[in-house]
Amino acid sequence: MSLTVSNDLLDRAREGDVDDAAFVACVRDSLPYAWSVISDLVEQRATSGAEFADNLVPPPDESARGQLLRCLASDSMRGALERHFGIRLAFQNCHRVAVFHPSATDALTEFTSPRAQILNQKPELVDC
């Protein structure tokens, strides 16, 4: 299961739309490792003023790795986090997450290119 959803939030979803704030809170509480990686990158990018910041540290265990995969593979979670933080997210493998300033289109295009994906491959990442 990707998210731990409270009965209240589930009832709200059954009745109609769920707002981004409630959904983002659910993601934050359900996927704390993924949240911390992304929010730390958002802060790093904002502090540095760079076009992007990326994570190069592998997750500490399979549970953490699963959180990143679930969070970034979900269009709804990814989109809600992008709106919440005002950034664009990109993902290359089991841990190389990047946050981009919305205007950093060239950097995002390069990061998500086949060339960048190939250059990011390492033997230790084959089974990540």
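Everything that follows concerns the structure shown earlier in this document.
Quick summary incoming for the structure in this document.

**Observations concerning the overall build of the chain**
Secondary structure summary: the chain contains seven helices and three strands in total. Starting at the N terminus and walking to the C terminus, you meet the elements of the chain as α-α-α-β-α-α-β-β-α-α. Over its C-alpha atoms the chain spans a radius of gyration of 15 Å, differing by no more than 12% from the 14 Å that the globule rule assigns to 128 residues. Oriented by its inertia axes, the alpha-carbon framework of the chain measures out at about 45 × 35 × 25 Å. When burial is assessed residue by residue, the chain has 41% of its 128 residues classed as buried.

**What to know about the pattern of salt bridges**
Where charged atoms from two side chains of opposite charge approach closely, those side chains can pair. Enumeration according to the criterion identifies nine salt bridges in this entry. When the shortest N-O distance is used, the salt bridge between Asp19 and Arg12 registers 3.9 Å. Arg12 gets classed as partly exposed once you look at its relative accessible area, which sits at 33%. In this structure, Asp20 engages Arg83 in a salt bridge whose closest nitrogen and oxygen atoms are separated by 2.7 Å. With Asp20 in helix H2 (residues 20–30) and Arg83 in helix H5 (residues 75–85), this residue pair connects regions lying 63 residues apart in the sequence. What makes Asp20 partly exposed here is its relative accessible area of 30%. Relative accessible area serves as the criterion here: at 54%, Arg83 is assigned to the exposed category.

**Quick look at the environment of Asp40**
For Asp40, the location among the structural elements is in helix H3 (residues 32–48). Between the C-alpha atom of Asp40 and that of Ala53, which follows or precedes it by 13 residues, the distance is 9.3 Å.

**Digging into the packing of aromatic side chains**
Under the defined criterion, the tally for this structure stands at two aromatic pairs. Geometrically, the ring pair formed by Trp35 and Phe85 is tilted, given 5.2 Å between the ring centres and 45° between the ring planes. Remark: Phe85 occurs in helix H5 and Trp35 occurs in helix H3; sequence separation between them is 50 residues. According to the relative accessible area criterion, Trp35 is buried, its value standing at 17%. Ring plane angle 20° and centroid distance 4.9 Å describe the contact between Phe52 and Phe100, whose orientation is recorded as stacked. Within this pair, whereas Phe52 is found in strand S1 (residues 52–54), its partner Phe100 is found in strand S3 (residues 97–100), the two being separated by 48 residues in sequence.

**Observations regarding H2**
Turning to H2, its buried residues number three or more, namely Ala22, Phe23, Val24, Cys26, Val27 and Ser30. Tucked inside the fold, the buried residues of H2 contact helix H1 (7–15), H3, helix H4 (62–73) and H5.

The rules we used
- Residues numbered from 1 in each chain as written.
- Predicted model: local features only at pLDDT ≥ 70, side-chain atom pairs only at ≥ 80, totals over all residues.
- Heavy atoms only, no water.
- Helix = DSSP H or I, 4+ residues; strand = E, 2+ residues; numbered from the N terminus.
- Rg over C-alpha atoms; globule rule 2.2 N^0.38 Å.
- Buried < 20%, exposed > 50% of the residue type's maximum accessible area, 1.4 Å probe, protein only.
- Salt bridge = Lys/Arg side-chain N within 4 Å of Asp/Glu carboxyl O.
- Phe/Tyr/Trp six-rings, centres within 6.5 Å; stacked < 30°, edge-to-face > 60°.
- Contact = heavy atoms within 4.5 Å.

None of this, on its own, says anything about what the molecule does.
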